[in-house]
Amino acid sequence: MNLNANIKYLKGVGEKRAAILAKLGIFTLWDLLTFYPRVYEDWSRIIPIKYAPVNENVCIKAIAGMPCREHRIRKGMTLYKTEVTDGESLLDITFFNNKYAAAKIEQGKEYLFFGKITGKGYYRQMTSPEFEEVTDKGGMRPIYPQTAGINSKAIEKLIKTAFDSCDKIDDPIPKDIRNSYCLLNLEGALKNIHFPENEDMLSEARRRLIFEELFLLELGMMRLKTKNRRSTAFSMQNDFTDEYFSLLPFELTGAQKRAIAEATADMMKKVPMNRLLQGDVGSGKTAVSAALIYNCARNGCQSALMAPTEVLAMQHYKTLAKMFENTDITISLLTGSTPAAEKKKIKAALKDGTIDLIVGTHALIQKDVEFNNLALAVTDEQHRFGVNQRSTLSSKGNNPHTLVMSATPIPRTLALIIYGDLDLSILDEMPKGRQKIETFLVNSEIRERAYGYIKKHLCEGMQGYIVCPMVEDNEEFELTAATKLYTDLSEGFFKGFRLGLLHGKMKPAEKKAVMDSFASGETQLLVSTTVIEVGIDVPNAVIMVIENAERFGLSQLHQLRGRIGRGSHKSSCIMISDAQNEETVHRLKTLASTTDGFKIADEDLKLRGPGDFFGSRQHGLPEMKIANMMTDGEAIRETHAAAANLLKKNPALEGEEFELLRKAVNRLFSGGISMN
Ligand code: ADP
Ligand code: MG
């Protein structure tokens, strides 16, 4: 049977089961063979009954001593019970309402029983164990993720059938590479991941499969990059950075100047820059990107700045327009909500080169957006975009220089994959005059006082935010909560003050009006959902109250809090929460105790685990079946070296022996990145 054959044709499947398997993401024979066990039961470690710990899975080997007896406990509940012995001790084996299982145990025969033992002292029992007659194969048993309609045992059986009936499994990793990294071949690895001969073989199988996944990923990512690197970009002739400095109302920090110098040097080369600018919230990343944009424009080239939200794109547009108002740099804003006629005009102007800088959202990466001479593509809050989206922006024009900016520190291993040998500039210094944000955690009884504190600041001419509780996956509800709070406060506690309301469902023009009014100081207090989370910059806002703070993740709280403390005034953040849960309180206290983004990200990672912190949604990489990009650091380094090595010798993976490998890489990146 062909590996790509529809699973319904496998013996024992059929239409109905195929529909169930589809829920597990299994559509083809290959999908089934790569549906890996979740855990293994170790049936090889047999424990004497008397030493078996209670309440954990154990495997015992025992002979059935007497026929199974039936006890009616109450209506509809029958207990089947038999006694087994391993020669030294006795143990009761019981089943509820499962006559079929009980009947299979024959007196005098020896079985392996796997399950949890309960009870104390003399009387101990194992309830509803898995069992089978002792044969020579014990070992590791696979346990699969299951779904309604199919259990682990049934999946195991199908996989056995699949191995028996499938065509030869070819290995995408050429023999030479397998040999130099001591890897099992694919077929051996697959067999052992499902039915390990022993623990060593299991770990070799895992190692091989993880290697393959990461190797393909690295090859794909590196190819994507070398494609960029090979070709020439617009190299800038002149450095106008000093001129740029004079446009600013403030003196840049040493870190900002360093980052600008590093990037500018890159941009004067013939190879496209590929740089990550990492700096905590408020460290002044925008001013760094603006320097590059300015340099670009003065050298006669275009640049693009892409932001993940419309609100942020609008803000960048305004900031940059103001910064460049006395220059002859032409700026436009292009987002999903730009009116069609306007869009058309902008696109034409981009194409003929009349626009020097385009600021926008995903709208920038649409097919029909063309540039005259795009030399710089900046992506702000890069973690909000997928790898594909970012590379689409860079693929516009003739291999522009790229700068990605992020406040989220990514673990090194992950950065290695996503960016390969991408260069890094770090803003490790905050602008002068910043004061530490004070953060308080209070319960809801203190709410009035917190509001009073806001009022005091408003009276002094400062501004503030009230962030509404986040409601998971329920934007409607969130919106209602925000709207209600806004109305209550406008008519109640803050009557006479100028309040604004901002939420995600508003029309872009409304959002813009609200943000403009807040930025100009007209609106004093902004009641908002998390739409302000990324990038919003209003330095006069110095106080923030976060309602139901327990509903937010740690990194998210840090981002939210980053909206204040952006000027020279002292800022305060008050989190309101009645949470009692220990972990939640710990999370909130962590935020209150530090403003260091790296520490916070670290803690967040510990609390939430890698899956949540950097799910594929966050980094935009293809989904991995077995490799874990957070914990398989060693394998990442190994495959990184292996991939670099191979591509150095054979950049296009030419030749027959690499055909399968080439195809496999393309398949993994079928979401958008292609090797050819
Ligand atoms: P982020 O790194 O979070 O994107 P921004 O670029 O939005 O930060 O900058 C935060 C605020 O700090 C802005 O109001 C910006 O004008 C201001 N800023 C940036 N650099 C400096 C500096 N060197 N001195 C004073 N203020 C600065
Ligand atoms: Mg920013």
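Here the structure is a predicted model, which is why all the values come from computation and not from measurement.

A. Representation of the environment of alanine 255. Within the secondary structure, alanine 255 sits in helix α9 (residues 254-267). Not counting residues up to four positions away in its chain, the partners in contact with alanine 255 are Ile426, Leu427, Asp428 and Glu429.

B. Quick look at the packing of α9 against helix α10 (residues 285-298). At a minimum axis distance of 9 Å, the contact between α9 and α10 shows a crossing angle of 35 degrees. In the crossing of α9 with α10, the sense of the turn from one axis to the other is right-handed. Contacts between α9 and α10 involve Gln256, Ala259, Ile260, Ala263, Thr264 and Met267 on the former and, on the latter, Ala287, Val288, Ala291, Leu292, Asn295 and Cys296. A class-by-class count of the residues in the contact of α9 with α10 yields nine nonpolar, three polar and no charged.

C. Examining the nonpolar core more closely. Membership of the largest hydrophobic core comes to 61 residues, with the highest contact counts inside it found for Ile7, Phe215 and Leu219. Of all the secondary structure elements, the ones that give two or more residues to this core are α1 (14-23), α2 (29-33), α4 (152-165), α6 (186-194), α7 (199-230), α23 (633-649) and α24 (659-668). Grouped together as the second largest cluster of nonpolar side chains are 41 residues, Tyr244, Ala291, Cys296 and Ala307 included.

D. Local environment of the side chain of serine 89. Residue placement: serine 89 occurs in the loop between β4 (77-85) and β5 (90-96). A relative accessible area of 15% means that serine 89 is categorised as buried. Among all residues touching serine 89, those that are not within four sequence positions of it are Ile49, Lys50 and Val84.

E. Layout of α23. When the terminal C-alpha atoms of α23 are compared, their 25 Å separation across 17 residues agrees well with the 24 Å that a helix rising 1.5 Å per residue should span. Of all the positions in α23, only Gly633, Ala635, Ile636, Thr639, His640, Ala642, Ala643, Leu646 and Leu647 are classed as buried.

F. Summary view of the site of ligand 1. Inspection of the region around ligand 1 gives 17 residues, with Gly282, Lys285, Thr286, Arg434 and Asp537 positioned closest. Side-chain polar atom of glutamine 256 to a nitrogen atom of ligand 1: 2.9 Å apart, as the coordinates give it. For ligand 1, the accessible surface in isolation is 570 Å², of which the surrounding protein chains cover 87%. Its residues assigned to classes, the shell around ligand 1 shows five nonpolar, six polar and six charged. In terms of domain composition, the shell around ligand 1 takes at least three residues from each of domain 2 (241-427) and domain 3 (437-594).

G. Region of the structure containing the pairing of strand β6 (residues 110-120). Alignment of strand β2 (residues 57-64) against β6, held across seven bridges, turns out to be antiparallel. Bridging from a neighbouring strand, alanine 62 pairs with tyrosine 111 of β6. For β6 and strand β8 (residues 130-133), the ladder comprises four bridges, and the chain directions are antiparallel. If you follow phenylalanine 113 over to β8, its bridge partner there is phenylalanine 131. Relative to strand β7 (residues 123-127), β6 runs antiparallel, the two sharing four bridges.

H. Spotlight on the environment of methionine 268. You can see methionine 268 is positioned in the loop between α9 and β10 (274-279). Sequence separation between methionine 268 and phenylalanine 234 is 34 residues; the distance between their C-alpha atoms is 8.1 Å. If we ignore the near neighbours within four places in the chain, the residues touching methionine 268 are Ser235, Met236, Gln237, Asn238 and Asp239.

I. Fine view of the sheet that holds strand β20 (residues 525-528). Pairing in this open sheet of six strands is parallel, and the strands run β17-β22-β21-β18-β20-β19 from one edge to the other. Where the open sheet ends on each side, the last strands, each with one partner, are β17 (438-442) and β19 (499-502). The mean inter-strand angle of the sheet, taken between neighbouring strand axes irrespective of direction, is 15 degrees. In the packing of helix α15 (residues 447-459) onto the sheet, the strands contacted are β18 (463-467), β20, β21 (541-546) and β22 (572-576), and the crossing angle to β21 comes to about 165 degrees.

Definitions and cut-offs
Residues numbered from 1 in each chain as written. Chains lettered and ligands numbered in written order. Predicted model: local features only at pLDDT ≥ 70, side-chain atom pairs only at ≥ 80, totals over all residues. Heavy atoms only, no water. Helix = DSSP H or I, 4+ residues; strand = E, 2+ residues; numbered from the N terminus. Contact = heavy atoms within 4.5 Å. Axes fitted to C-alpha atoms, helices over the stretch in contact; angles between N-to-C directions. Left-handed = near helix turned anticlockwise from the far one by under 90°. Nonpolar A, V, L, I, M, F, W, Y, C, P; charged D, E, K, R; others polar. Core = buried A, V, L, I, M, F, W, Y, C linked by side-chain atoms within 4.5 Å. Buried < 20%, exposed > 50% of the residue type's maximum accessible area, 1.4 Å probe, protein only. Expected span 1.5 Å × (residues − 1). Near = heavy atom within 4 Å. Polar contact = N/O pair within 3.5 Å; in protein donor to acceptor, adjacent residues only side chain to side chain. Areas by Shrake-Rupley, 256 points an atom, 1.4 Å probe, with all protein chains shown as cover. Domains from an automatic or database assignment. Pairing = 2+ DSSP bridges.

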